[in-house]
Amino acid sequence: MPTVPQIQMVDLVGQYKKIATEIHQAIDSVMESSAFINGPAVTRFGSELAKYTGAKFVIPCGNGTDALQIALMALGLQPGDEVIVPSFTYVATVEVIALLQLTPIFVDVNPQSFNMDVELVEKAITKQTKAIIAVHLFGQSADMEPLLNISNQHKIPVVEDNAQALGASYQFSDSSIARTGTMGAIGTTSFFPSKNLGAYGDGGALFTNDPSLAERLKMIANHGQKQKYYHDIVGVNSRLDSLHAAILSVKLNYLNDYEESRQTVADYYDSTLNDIDELTLPFRVENSTHVFHQYTLLVKNNKRDALRDFLQTKGVPSMIYYPVPQHLQKAYLGYGYKEGDFPISEQLCHEVCSIPIHTELTEEQLIHITGSIREFFGK
Ligand SMILES: *Cc1c(COP(=O)(O)O)cnc(C)c1O
């Protein structure tokens, strides 16, 4: 076995150690105030994130799945209303639709960007369509300009699931630039530890530029109340802990550095793996930056699983995001979709292979990872 330091998909320990002193100061200050719920640390982090993203309002909440649920609740959808959603995504995007007794209407994705195919969105619209959820998958923005045009034309709000792309920017044809999560009616994100901005536990947030939506989101996340013990609408209990907010405030200062480290890794992979015919490297869309939550290869000729087995023998981990498209998940078969309905999503599930990308990868590790991949392909 080669003597390369153990390689992980994400290295949260290494990242933590570099900022440990600041993290402990932040934790200590929350401990001393003992304002564990909705304390000043939460308000502060909310405004820092608003400043960072340019969103007018940021509402912290318990996790990224709650954020999606709260977003759909705030839009006032009724059971049976249709929500258009890509089939190639993480389950949370679909789960909240089902939980609220709404109907997911799946659409296929673009084979290069892996994001929602906007032309298919327009075709999927019916009188019952009441929302569209765009997912900025793997760190790159969905094609928001045409999507927002459709949204405006049909008066159907867009919710952006920005759990994987916090920090990415999208450029419109008039050259204006906006952060992902701030362009639709509501944006959502997750601070799950392995996300680009990760807490040391669960966390999430909602973004909007609309003051009345902001008020509804805030109320719904807090038992439907504005004033304690007066409940005007049905809500949930979904809070970001003050401890996590304080930790996230520290880490937000490093988000740009983290993004740069991820891009350096991606550039290295791009330049080292680009002569392997049986691999398709991540496509970079023209109008979005890529914050590389994942670096996802497509492996041709049914070699994906053999590649993964080989890499494992070399101490190189890899993951399949995602092995099954949502329309074929057992839980959602009741909606009547079948194999063949979304061929691109299905094909991607057979070919995707995400390799390690995080903020702590060393040059030695990168050489080992790419060397192992090249060896598999006889290069
Ligand atoms: C992680 C993730 C979520 C859910 O976030 P949690 O904080 O784990 O609930 C939702 N959507 C996408 C695309 C994600 O990657």
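Residues numbered from 1 in each chain as written. Predicted model: local features only at pLDDT ≥ 70, side-chain atom pairs only at ≥ 80, totals over all residues. Heavy atoms only, no water.

### Let's talk about the sheet that holds strand β4 (residues 129-135)
So, point 1. Taking strand neighbours across the sheet as the criterion, the 7 strands line up as β1-β9-β8-β5-β4-β2-β3 in an open arrangement whose pairing is mixed. Each edge of the open sheet carries a strand with a single partner, namely β1 (57-61) and β3 (103-107). If you compare each strand with its neighbour and ignore which way they point, the axes differ by 25° on average.
So, point 2. The sheet contact formed by strand β2 (residues 82-86) and β3 spans 5 bridges and is parallel. Among the inter-strand pairings, V85 is bridged to a residue of β3, identified as F106.
So, point 3. Where helix α3 (residues 40-53) meets the sheet, its contacts fall on β1 and β9 (204-208), and the angle it forms with β1 comes to roughly 135°.
So, point 4. With respect to the sheet, helix α8 (residues 211-221) is in contact with β1, β8 (186-190) and β9, its orientation differing from that of β1 by roughly 10°. (Pairing = 2+ DSSP bridges. Helix = DSSP H or I, 4+ residues; strand = E, 2+ residues; numbered from the N terminus. Axes fitted to C-alpha atoms, helices over the stretch in contact; angles between N-to-C directions. Contact = heavy atoms within 4.5 Å.)

### A closer look at the packing of aromatic side chains
So, point 1. Here the structure, examined in full by the defined rule, presents 18 aromatic pairs.
So, point 2. With centroids separated by 6.4 Å and ring planes inclined at 65°, the aromatic side chains of F106 and F342 adopt a geometry described as edge-to-face. Residue F106 is located in strand β3, and its partner F342 is located in the loop between α11 (304-313) and α12 (343-351); the two are separated by 236 residues in the primary sequence. The pair F106 / F342 is uniform in exposure class, with both members buried. (Phe/Tyr/Trp six-rings, centres within 6.5 Å; stacked < 30°, edge-to-face > 60°. Buried < 20%, exposed > 50% of the residue type's maximum accessible area, 1.4 Å probe, protein only.)

### Points about the site of the ligand
So, point 1. Around the ligand, the surrounding shell consists of N63, G64, T65, Y90, A92, V135, D161, A163, Q164, S190, K195 and G203.
So, point 2. Separating an oxygen atom of the ligand from a backbone N or O atom of G64 is a distance of 2.7 Å.
So, point 3. A distance of 2.5 Å separates an oxygen atom of the ligand from a polar atom in the side chain of T65.
So, point 4. Relative to its unbound accessible area of 380 Å², the ligand is 92% covered by the protein chains.
So, point 5. Considering only residue class, the shell around the ligand consists of 4 nonpolar, 6 polar and 2 charged. (Near = heavy atom within 4 Å. Polar contact = N/O pair within 3.5 Å; in protein donor to acceptor, adjacent residues only side chain to side chain. Areas by Shrake-Rupley, 256 points an atom, 1.4 Å probe, with all protein chains shown as cover. Nonpolar A, V, L, I, M, F, W, Y, C, P; charged D, E, K, R; others polar.)

### Looking at the nonpolar core
So, point 1. Judged by nonpolar contacts, the single largest core of 53 residues is most densely connected at L72, I84, M144, L147 and L206.
So, point 2. Counting residues per element, this core draws most heavily on helix α4 (residues 64-74), which supplies 7 residues.
So, point 3. Residue assignment places this core across two domains, with domain 1 (13-252) and domain 2 (254-376) each supplying three or more.
So, point 4. Here L206 is in contact with F57, V58, I59, C61, A67, I70, A71, I186, G187, T188 and L217, once residues within four sequence places are set aside.
So, point 5. In this structure, F45, Y52, L197 and L248 belong to the second largest nonpolar core, which totals 27 residues. (Core = buried A, V, L, I, M, F, W, Y, C linked by side-chain atoms within 4.5 Å. Domains from an automatic or database assignment.)

### A word on unusual backbone geometry
So, point 1. Cis peptide bonds are those with omega within 30 degrees of zero, and the linkage from Y321 to Y322 qualifies with 10°.
So, point 2. Mapped onto the elements, Y322 comes out in the loop between α11 and α12.
So, point 3. Positive phi, close to 70°, is recorded for F114, a residue that is not glycine.
So, point 4. One can find F114 in the loop between β3 and α6 (118-124).
So, point 5. On the accessibility criterion, F114 (5% relative accessible area) is buried.

### As for the packing of helix α2 (residues 20-33) against helix α9 (residues 242-252)
So, point 1. Across the interface, α2 lies against α9 with an axial gap of 9 Å and an inter-helix angle of 150°. Between α2 and α9, the angle is such that the two are roughly antiparallel. Here α2 and α9 pass one another in a crossing that is right-handed. Counting all contacts with α2, which are made through E22, I23, A26, I27, V30 and M31, the residues of α9 involved are S242, L243, A246, I247, V250 and K251.
So, point 2. A per-class count over the contact of α2 with α9 returns 9 nonpolar, 1 polar and 2 charged. (Parallel < 35°, antiparallel > 145°, perpendicular 65-115°, else oblique. Left-handed = near helix turned anticlockwise from the far one by under 90°.)

### Some details on the pairing of β2
So, point 1. Among the 5 residues of β2, 5 are classified as buried, and the element is accordingly described as predominantly covered.
So, point 2. Going residue by residue along β2, you find E82, I84 and P86 tucked away on one face and V83 and V85 tucked away on the opposite face as well.
So, point 3. Across 3 bridges, β2 lies against β4 in parallel orientation. Bridging across to β4, E82 finds its partner in T129.

### A few points about the domain arrangement of the protein
So, point 1. For the protein, the assigned domains read domain 1 (13-252) and domain 2 (254-376).
So, point 2. Measuring from the centre of the C-alpha atoms in domain 1 to the corresponding centre in domain 2 gives 24 Å.
So, point 3. Contact with domain 1, which involves 48 residues of that partner, is made by 36 residues of domain 2.
So, point 4. Buried area between domain 1 and domain 2, both sides added, is near 3,800 Å², and the carbon and sulfur share of it is 57%.
So, point 5. In this structure, the connection of domain 1 to domain 2 is made through 1 salt bridge.
So, point 6. The partner of K18 in a salt bridge is E360, and the shortest N-O contact between them spans 2.6 Å.
So, point 7. Those elements giving two or more residues to the side of domain 1 that touches domain 2 turn out to be α1 (12-18), α5 (92-99), β3, β6 (169-171) and α9.
So, point 8. Element by element, the count of residues in the side of domain 1 that touches domain 2 is highest for β3, at 5 residues. (Buried area = accessible area lost by both parts, 1.4 Å probe. Salt bridge = Lys/Arg side-chain N within 4 Å of Asp/Glu carboxyl O.)

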